[in-house]
Amino acid sequence: QSICIGQSVTLTASGGVSYYWNPSGNTTGTITVNPTTSTTYAVNVTDINGCTGTGFVNVTVNPLPVVSLQNAFVCAGQSITLDPGNPGSAYVWSNGSTTQTISVSSAGTYTVTVTTPQGCSASSSAVISVGGTITNSLTNAQFCQGDSAILNAGNAGATYIWSTGATTQNITVYNSGTYSVTITDAY
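Residues numbered from 1 in each chain as written. Predicted model: local features only at pLDDT ≥ 70, side-chain atom pairs only at ≥ 80, totals over all residues. Heavy atoms only, no water.

Student: How should the overall build of the protein be read in this particular structure?
Tutor: On a plain count of helices and strands, the protein comes out with zero helices and 16 strands. The principal-axis extent of the C-alpha atoms belonging to the protein is close to 120 × 25 × 20 Å. The buried share of the protein, taken over its 187 residues, is 28%. A sequence separation of at least 24 residues applies to 42% of the contacts in the protein between residues at least 6 apart. Put simply, the protein shows about 11300 Å² of open surface, and 48% of that area lies on carbon and sulfur atoms. (Helix = DSSP H or I, 4+ residues; strand = E, 2+ residues; numbered from the N terminus. Buried < 20%, exposed > 50% of the residue type's maximum accessible area, 1.4 Å probe, protein only. Contact = heavy atoms within 4.5 Å. Areas by Shrake-Rupley, 256 points an atom, 1.4 Å probe, with all protein chains shown as cover.)

Student: What is the right way to look at the sheet that holds strand β12 (residues 121-130) in this model?
Tutor: Within a sheet, neighbouring strands are paired by backbone hydrogen bonds and run either parallel or antiparallel to one another. What the four strands build is an open sheet, ordered β7-β12-β11-β9; its pairing is mixed. Strands at the two margins of the open sheet, each flanked by one partner only, are β7 (72-74) and β9 (90-93). Averaged over all adjacent pairs, the angle separating strand axes in this sheet is 25°, with direction ignored. (Pairing = 2+ DSSP bridges. Axes fitted to C-alpha atoms, helices over the stretch in contact; angles between N-to-C directions.)

Student: Help me out: how do you make sense of the nonpolar core in this one?
Tutor: Most often, soluble globular proteins have nonpolar side chains that are buried together. Of all hydrophobic cores here, the largest spans 15 residues; its most connected members are Leu-82, Trp-93, Val-112 and Ile-128. Elements represented by at least two residues in this core include exactly β7, β9, β10 (102-104), β11 (108-115) and β12. Residues in contact with Trp-93, not counting those within four places in the same chain, are Leu-69, Leu-82, Pro-84, Thr-98, Thr-99, Gln-100, Ile-102, Thr-111 and Val-112. Residues Trp-21, Ile-31, Val-33 and Val-45 belong to the second largest nonpolar core, which totals 13 residues. (Core = buried A, V, L, I, M, F, W, Y, C linked by side-chain atoms within 4.5 Å.)

Student: Is there a simple way to explain the state of the cysteines in this structure?
Tutor: In a disulfide, the sulfur atoms of two cysteines are covalently bonded to one another. Inspection of every chain in the model, using the stated rule, returns one disulfide. Through a disulfide, Cys-4 is tied to Cys-120; the S-S separation comes to 2.1 Å. One quick way to see it: the torsion about the S-S bond of Cys-4 and Cys-120 is about -100°, and its sign makes the bridge left-handed. Of this pair, Cys-4 sits in strand β1 (residues 2-4) while Cys-120 is found in the loop between β11 and β12, placing the two residues 116 residues apart along the sequence. Here Cys-120 falls in the buried class, since its relative accessible area comes to 0%. (Disulfide = S-S within 2.5 Å.)

Structure below.
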């Protein structure tokens with residue numbers, strides 16, 4: 001017999017008038033056991049003539065798969081791969097997929113049930129959040145020689161790295177040229 005941890009199995013002996021199961025000590029022909037580790041059960045059977053015989057059955061206890069998906073944040077337009085591990089198992093995702101990994105770019109809760117080749121199953125879920133987009137509001141600027149222009153990257157609360165090395169939302173420029181900024185939001 002093969003079971004998953006936490007399951008029970010019914011063992012049946014026949015052909016006798018009395019029975020004794022070891023290690024459980026039960027004295028019926030049928031017992032239900034819930035072992036936590038693989039165990040060999042022996043049953044001593046006595047028939048109507050007083051003859052005895054012994055039978056053995058191995059109950060193999062298989063572990064449940066360890067499945068742990070993590071909640072994640074994804075920037076708009078990007079995706080993340082969810083992988084519950086346990087190669088060689090069967091997978092059923094809440095979105096209908098049956099592959100080990102899925103790539104998601106939409107917000108929502110994604111649940112997977114993993115079933116090992118021994119038939120043991122476990123599930124896990126991940127909440128995926130998707131952030132908004134960062135708006136690039138820079139426009140070309142013109143100014144007279146000797147004047148300056150203020151370039152504003154917008155997106156208050158973000159972090160900034162300008163091509164000049166500045167890390168502020170606004171920079172003041174005094175020379176003509178091309179200026180760029182990388183904007184990173186809190187996510």
